[in-house]
Amino acid sequence: MADRPLKVVVLAAGKSTRMKSATPKVLHKMAGVPVLQWVLEQAEAMGAAETIVVVGHESERVREKFSGRANTRFVTQEPQHGTGHAVMQAREALAGFNGDVAVLCGDVPLIRPRTLELLRHMHVSEEAACTILTALLPEPRGYGRIVRDGLGRVRRIVEQRDLAPQQEAIQEINTGTWLYDCTKLMSVLDKLDTDNAQGEYYLTDTVRLLADAGNRVAACACDDHTEVMGINNRKQLAEADRLARERILDELMIEQGVSVYQPESCYIEAGCSIGRDTVIWPHSVIRAGVVIGERCEIGPFAHLRGGTRLGNDCKVGAFVETKNAVYGDGTKSGHLAYLGDVTLGSGVNIGAGSIVANYDGKAKHHTEVGDNAFIGCGTVLVAPVKVGKNAQTGANTVVPHGKDVPDDTIVVGAPARELRKKS
Ligand code: UD1
Ligand code: CA
């Protein structure tokens, strides 16, 4: 299939009224990353030559968030007159393109690459002008329904608000995910009208137009309902977030050799890398993009925030919060600590109750702790400051900013004074 060129159009211009939010729906986060990013990654997995994102509502914020993404172009739909009208905005970007066009909804983020592969297979093998990803739902209300003729051929899609009473019972629905022969799509796009209950240009009407002109329209059924769910309100956002994190946990436990105890209590976001034989205890939160080496121990009740990178054999124990914290191999922070904007060497021990005071009320500053340093319980390191290799602080020491502790030296008190060199 690689020989058939593909472009993807992502529909993300809608107002998302039901989210009741000042933030566009596609920028709301799911497992720590924006909903739209999940969809853009679907497009990438399909091997798209180019992805065209149709934006409208709060379009500047969406563009800004994804600016610089490779092979991605934004087009604006203003005002928003429906899904068909949204695709019309991509016409210029698709002009002269002689391949297939996938249309994905920006609010349907959980479709697996495998499902999209199957969709493409069917599209090619059936030589279809259009292939719809469908699902059989026990509760089809709200979705567009697939209407077939007596021979089982797909003839049209009818939206919920346009259904005739006898069509209400149809359980085969349109997931909003499509594959078109680009030329065929262009041949009907101009023929869409607004003669429907919502007065919009429906992309779904392309099915009737293509079928009536004698083209083959295929339907590829997705049997996992969780993949095709759309996010229209906050409850669905929470559900999609849960499903996404469940996948992340499965991947860690089944593929990566990571032990997660009471996984349903752990909140692990997307894009983390966790080494094998690392153990995660209950109620731990690991934010997007965190890197953890092998044989580490995390939690219970640990909070590893953005920019945290642990080497191998590290420990982030109970009630420890880290942010932009880099740990060398074998570095341990067992209990009750805040470690922000800090680079810890290897073999460092952070005593219980220690804090890196990274914020002076105006700006964040960086702290460095050398290899094998021993930070006594209740130490406050006021950033920016450096603690040397093999240095030591006594219990309740306050190391003021700029008062670096030399290598091999013990300091005590508040503010810290040199006690002696280590022998
Ligand atoms: C749409 C489909 C419906 C399908 C359902 C699956 C149409 C007419 N209906 O309905 O058959 O069952 O998805 O989830 O296509 N959008 C724009 N511009 C617009 C309007 C919408 O970009 O003018 C975008 C939205 O941001 C969203 C997507 O298109 O990402 C779908 O729009 P939405 O209004 O959610 O359509 P549904 O009513 O869910
Ligand atoms: Ca929707």
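Quantities reported herein were computed from a predicted structural model and do not represent experimental measurements.

### A few points about the nonpolar core
Counting residues in hydrophobic clusters, the biggest one holds 54 residues, and the most contacted among them are Ile268, Ile280, Ile286, Ile292, Ile298, Leu310 and Tyr327. Where this core is concerned, the elements lending two or more residues are helix H1 (35-45), helix H8 (234-255), strand E21 (315-327), strand E22 (332-344) and strand E28 (385-387). Top contributing element to this core by residue count: H8, with seven residues. Mapping this core onto the domain boundaries places at least three of its residues in each of domain 1 (6-228) and domain 2 (243-421). The contacts of Tyr327, once residues within four sequence positions are left out, are Arg309, Leu310, Gly311, Cys314, Lys315, Val316, Val320, Thr322, Ser333, Leu339, Leu344 and Gly345. Listed in part, the 35 residues of the second largest apolar core include Val75, Val87, Ala93 and Ala219.

### Things to note about the coordination of the calcium ion (ligand 2)
Every protein donor of the calcium ion (ligand 2) is listed here as Asp107 (OD) and Asn232 (OD1), and their distances to the metal cover 2.6 to 2.8 Å. Of this pair, Asp107 sits in the loop between strand E6 (100-105) and helix H5 (113-125) while Asn232 sits in the loop between strand E11 (217-221) and H8, and the two are 125 residues apart along the sequence.

### Regarding the environment of Asp223
Within the secondary structure, Asp223 is located in the loop between E11 and H8. Counting along the chain gives 86 residues from Asp223 to Leu137, while the straight-line C-alpha distance between them is 9.2 Å.

### Observations regarding the domain arrangement of the protein chain
Under the domain assignment used here, the protein chain contains domain 1 (6-228) and domain 2 (243-421). When each unit is reduced to the centre of its C-alpha atoms, the spacing between domain 1 and domain 2 is 45 Å. Contacts between the two partners involve nine residues from domain 1, matched on the other side by eight residues from domain 2. Interface area for domain 1 against domain 2, summed over the two sides, is near 710 Å², with a carbon-plus-sulfur share of 69%. Summed over the shared surface of domain 1 and domain 2, the result is zero salt bridges. Counting the contacts that link domain 1 with domain 2 gives two residue pairs in polar contact (both at pLDDT 80 or more). Here the residues of the side of domain 1 that touches domain 2 sort into five nonpolar, two polar and two charged.

### Regarding the site of ligand 1
Lining the immediate surroundings of ligand 1 are 22 residues, of which Gln77, Gly82, Thr83, Glu159 and Asn174 lie closest. In this structure, Gly82 approaches ligand 1 through a main-chain N or O atom, which is 2.8 Å from an oxygen atom. Measuring from an oxygen atom of ligand 1, one finds a backbone N or O atom of Gly106 at 3.5 Å. Notes on ligand 1: free accessible area 750 Å², of which the protein chains cover 86%. Of all the secondary structure elements, the ones that give two or more residues to the shell around ligand 1 are strand E1 (6-12), helix H3 (83-88) and strand E10 (172-181). When residues of the shell around ligand 1 are assigned to their parent elements, the largest contribution, three residues, is made by E10. When grouped by side-chain class, the residues that make up the shell around ligand 1 number seven nonpolar, 13 polar and two charged.

### Observations regarding the pairing of strand E4 (residues 50-55)
For a regular strand, the rule is simple: side chains alternate between the two faces of the sheet. With respect to burial, E4 is a largely interior element, six of its six residues being buried. Alternating residues of E4 divide into Glu50, Ile52 and Val54 and Thr51, Val53 and Val55, and every residue in both groups is buried. Judged from the six bridges that link them, E1 and E4 form a sheet pairing that is parallel. Directly across from Lys7, in E4, lies its bridge partner Glu50.

### Points about helix H2 (residues 59-66)
Because an α-helix completes one turn every 3.6 residues, residues spaced three or four positions apart along the sequence face the same direction. Turning to H2, its buried residues number three or more, namely Ser59, Val62 and Phe66. All buried residues of H2 project into a common sector of 65° when viewed along the axis, lining one side. Summarising the geometry of H2, the exposed residues directed more than 90 degrees from the buried face are Glu60 and Glu64. If you follow the buried residues of H2, they end up packed against strand E3 (33-34), H1, E4 and strand E5 (72-76). Just beyond H2, the residue with positive phi is Gly68, at close to 90°.

### Remarks on the pattern of salt bridges
Scanning all chains against the criterion turns up 25 salt bridges. Ionic pairing is found between Glu294 and Arg295, a salt bridge with its closest N-O pair at 3.2 Å.

### With respect to the side chain of Ser265
Position of Ser265 relative to the elements: it lies in the loop between strand E12 (259-260) and strand E13 (267-268). Here the side chain of Ser265 touches Gln262 through a polar contact of 2.8 Å, landing on its backbone oxygen.

### Digging into the state of the cysteines
On inspection of all chains with the given rule, the structure shows zero disulfides. The cysteine Cys222 is free of any disulfide, with Cys220 supplying the nearest cysteine sulfur at 7.8 Å. A disulfide-free cysteine, Cys272 has its sulfur positioned 12 Å from the sulfur of Cys266, the nearest such atom. Among the residues examined, Cys272 registers a relative accessible area of 18% and is labelled buried.

Each value, and the rule that gives it
- Residues numbered from 1 in each chain as written.
- Chains lettered and ligands numbered in written order.
- Predicted model: local features only at pLDDT ≥ 70, side-chain atom pairs only at ≥ 80, totals over all residues.
- Heavy atoms only, no water.
- Core = buried A, V, L, I, M, F, W, Y, C linked by side-chain atoms within 4.5 Å.
- Buried < 20%, exposed > 50% of the residue type's maximum accessible area, 1.4 Å probe, protein only.
- Helix = DSSP H or I, 4+ residues; strand = E, 2+ residues; numbered from the N terminus.
- Domains from an automatic or database assignment.
- Contact = heavy atoms within 4.5 Å.
- Donors = N, O, S within 2.8 Å, 3.2 Å for Na, K, Ca; no water.
- Buried area = accessible area lost by both parts, 1.4 Å probe.
- Salt bridge = Lys/Arg side-chain N within 4 Å of Asp/Glu carboxyl O.
- Polar contact = N/O pair within 3.5 Å; in protein donor to acceptor, adjacent residues only side chain to side chain.
- Nonpolar A, V, L, I, M, F, W, Y, C, P; charged D, E, K, R; others polar.
- Near = heavy atom within 4 Å.
- Areas by Shrake-Rupley, 256 points an atom, 1.4 Å probe, with all protein chains shown as cover.
- Pairing = 2+ DSSP bridges.
- Arc of directions from axis to C-beta.
- Disulfide = S-S within 2.5 Å.

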